[in-house]
Amino acid sequence: MAQRQNQTASAKYSCSICLDLLKDPVTIPCGHSYCMNCIKSHWDGEDQRKIHSCPKCRKEFIPRPVLEKNIMLADLVEDLKKTGLQAAPADHCYAGPKDVACDVCTGRKMKAVKSCLVCMASYCQNHLQPHYESPTFKKHNLVEASTKLLQNICSRHDEVMKIFCRTDQQCICYLCTMDEHKGHETVPAAAERAEKQKELQESRQQIHQRIQDQEKDVKLLQQEVEAINVSADKAVEDSEKIFTDLIRLLQKRSSDVKQQIRSQQETEVSRVKDVQEKLEQEITELKRKDAELEQLSHTEDHNQFLLNYPSLPALSESTHSSSINIRPLRHFEDVAAAVSELRDIMQDVLRDSWRNIELKVTKSRDEFLKYSQKVTLDPNTAHRKLFLSDGNRKVTSKLPSSSVLRYHFSDPDRFTDYNQVLSRESLTGHCYWEVERRGGRVAVAVSYKNISREGRSDKCAFGFNNKSWSLYCNRNIYTFHHNNIETPVSVSSRLGVYLDHKAGILSFYSVSETMTLLHRVQTRFTQPLHAGIWLFNQGTIGLNMNRNPFCNLP
């Protein structure tokens, strides 16, 4: 019980800076108490800011408070000391393997709080007191505790280095100025530090200014992203509403045409059935008369035959046969033709309108060039029949007569069977590059680096597996391939490839001042990509990201 009370009292009357019992206790305006030297040292470090604070509650004081000894608290601490109460250092006050240890402590060493550049020693809070109290140490230079004090000692003369040699740009001691640094431009290290400190401050100001400028740019870019997103969302919403209205209109017109056709169908069928019914009645009447005539024709008594014959009514002419006009199964062909004509007109309108929409949505080439990525081809991956030139930015499948085949066929990164090559650079983030082909069947691709290289299976061919995406160009036939799925596209000899790796977007463009989207892929890329080229026969393909015309291909 007594030990617990002693621990409580120890914590209550200890300085929160040195963790020892209060020595010359002072109470600052916020009510917290400290050793006079502890709080002075703490506030000395804050003098440059001209704002002084309480280490415990962080309350700030302007100007620096005048310290007066708290006599009552000092007497109380003295009385407690007489009873044998001492503040036991907490475990965290002792020096660990990574801490600076006090050079004076014996046994288990305490953490050093300051190092003296004159004494060349480090001191804990207790052993540092003479430097605050004794006039002898007043001019000593105290710094934060450091393990690098020995670096301030000249290895040649074993003296403290207080001089800086500007000629050799190094710290030296006063004896060095008399031998190997004699005649050199030297200044006190403190003076050099002051000059360098000014340069440092200027550099920091430039850095801070650049940080502020770039933070403003980041905010502007973020605002632009938000504006793009809002504009795109509104455009999608508006276009969906317009297309929905258009679909409704077409559905209504389709329903109207259907209703008109059905109504006309009903009218025509009713008319035909009315005529049909009357004809059927005439047929019945004619059959009856035919039966009477047949019966008369079989009368054996000549007198009866002649007697009954004049009483037969004359055969009347049909009132319908001459007015019936049969149109063989072409009653509504004109309607179908009119609807077909409407479809063709709408297709033309939609095609022309789509071009206008594309022009509004499509970016200019200059906008893509902001993401230009220098792409060079890796000779270590090139098939032995491919020849790289122009700084590995042009590839041809026909080796010049003067060239020497310089590839090592056994290179494990080389494509062994397909005339393919990958870029040296891996592609992540926003990337854009351009290619131009001259003749032959070629393919422009992107691929993961771990695509298979050996053999003639689909695992090695660009676009025929799930590790690569490729645009194939064969005369006037162009197709996009991924995972052995083919999609036809239209293209030109100049291609632009845009990659947004994070967003999973891969786009191929026909290059002009206004870019035309050829094919777009939305997926999830799991690895960095590499640009790829596949030449099927004699041909050349070059890579360029300049604003000027492309590589001068042969």
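Nothing here was measured: the structure is a model prediction, and the numbers come from that model. (Residues numbered from 1 in each chain as written. Predicted model: local features only at pLDDT ≥ 70, side-chain atom pairs only at ≥ 80, totals over all residues. Heavy atoms only, no water.)

(A) Focus on the overall build of the protein chain. Broken down by element type, the protein chain carries 8 helices and 23 strands. Within the protein chain, contacts between residues separated by at least 24 positions form 55% of all contacts whose residues are at least 6 apart in sequence. Working note: accessible area of the protein chain is about 37000 Å², and carbon and sulfur atoms make up 51% of it. (Helix = DSSP H or I, 4+ residues; strand = E, 2+ residues; numbered from the N terminus. Contact = heavy atoms within 4.5 Å. Areas by Shrake-Rupley, 256 points an atom, 1.4 Å probe, with all protein chains shown as cover.)

(B) Structural view of the packing of aromatic side chains. For the structure on display, the rule yields 14 aromatic pairs. Here Tyr 472 and Trp 534 contribute two aromatic rings whose centre-to-centre distance is 5.6 Å and whose plane-to-plane angle is 70°, an arrangement assigned as edge-to-face. You can see Tyr 472 sitting in strand β16 (residues 468-474) and its partner Trp 534 sitting in strand β22 (residues 529-535), a full 62 residues away along the chain. Across the pair, exposure class does not vary: Tyr 472 and Trp 534 are buried alike. By way of ring pairs, the aromatic residues Phe 368, Tyr 371, Tyr 432, Tyr 498 and Tyr 509 are connected into one cluster. Cation over ring: Arg 441 sits above Phe 536, and NZ or CZ is 4.3 Å from the ring centre. The cationic tip of Arg 453 hangs over the ring face of Phe 415; the distance from NZ or CZ to the ring centre is 5.2 Å. (Phe/Tyr/Trp six-rings, centres within 6.5 Å; stacked < 30°, edge-to-face > 60°. Buried < 20%, exposed > 50% of the residue type's maximum accessible area, 1.4 Å probe, protein only. Lys NZ or Arg CZ within 6 Å of the ring centre and 35° of its normal.)

(C) Quick peek at the confidence of the model for the protein chain. When pLDDT is averaged across the protein chain, the result is 82; 85% of the residues are at 70 or more. Across the protein chain, the secondary-structure element scoring lowest on mean pLDDT is helix α1 (residues 2-12), at 53, and the one scoring highest is strand β13 (residues 420-422), at 95. Every residue in residues 401-405 is under pLDDT 50, and counting partners more than four places away or in other chains gives 3 contacts. (pLDDT = per-residue confidence, 0-100.)

(D) View of helix α5 (residues 189-297). Helix length check: α5, at 109 residues, gives a terminal C-alpha distance of 153 Å against a target of 162 Å (1.5 Å per residue), a fit within 8%. Buried within α5 we find Glu 192, Lys 289 and Leu 296. In the core, the buried residues of α5 are packed alongside β8 (163-165), β10 (186-188) and α6 (302-308). (Expected span 1.5 Å × (residues − 1).)

(E) Seen up close, the nonpolar core. Ranked by size, the top nonpolar core spans 35 residues in total, and within it Trp 433, Trp 469 and Leu 506 carry the most contacts. Counting residues in each nonpolar core, the second largest holds 19 residues, with Cys 18, Ile 28, Trp 43 and Leu 67 among its members. (Core = buried A, V, L, I, M, F, W, Y, C linked by side-chain atoms within 4.5 Å.)

(F) The sheet that holds β16, seen in detail. Spatially, the 6 strands line up as an open sheet ordered β13-β22-β15-β16-β17-β18, and their pairing is antiparallel. Bordering the open sheet on either side are β13 and β18 (485-489), each of which pairs with just one other strand. Going across the sheet, the axis of each strand differs from the next one's by a mean of 20°, ignoring polarity. (Pairing = 2+ DSSP bridges. Axes fitted to C-alpha atoms, helices over the stretch in contact; angles between N-to-C directions.)

(G) Examining the pattern of salt bridges more closely. A full pass over the atoms with the stated rule returns 20 salt bridges. We note a salt bridge from Glu 133 to Lys 23, for which the minimum N-O separation is 3.6 Å. Residue Glu 133 is located in helix α4 (residues 125-133), and its partner Lys 23 is located in the loop between α1 and β1 (25-27); the two are separated by 110 residues in the primary sequence. For Glu 133, a relative accessible area of 44% puts it in the partly exposed group. A relative accessible area of 41% means that Lys 23 is categorised as partly exposed. Arg 253 is the salt-bridge partner of Asp 256, the closest N and O atoms lying 3.4 Å from each other. In this pair, Asp 256 and Arg 253 both sit in helix α5, 3 residues apart, roughly one turn of the helix. Judged by relative accessible area, Asp 256 falls into the partly exposed class, the value being 24%. (Salt bridge = Lys/Arg side-chain N within 4 Å of Asp/Glu carboxyl O.)

(H) Region of interest: the sheet that holds β10. The antiparallel open sheet is built from 3 strands, whose spatial order is β9-β8-β10. The open sheet is flanked by β9 (170-172) and β10, the only strands paired with a single partner. Going from strand to strand, the sheet's axes swing by 35° on average, the running direction of each strand aside. Where β8 meets β9, 3 bridges bridge the pair, whose relative direction is antiparallel.

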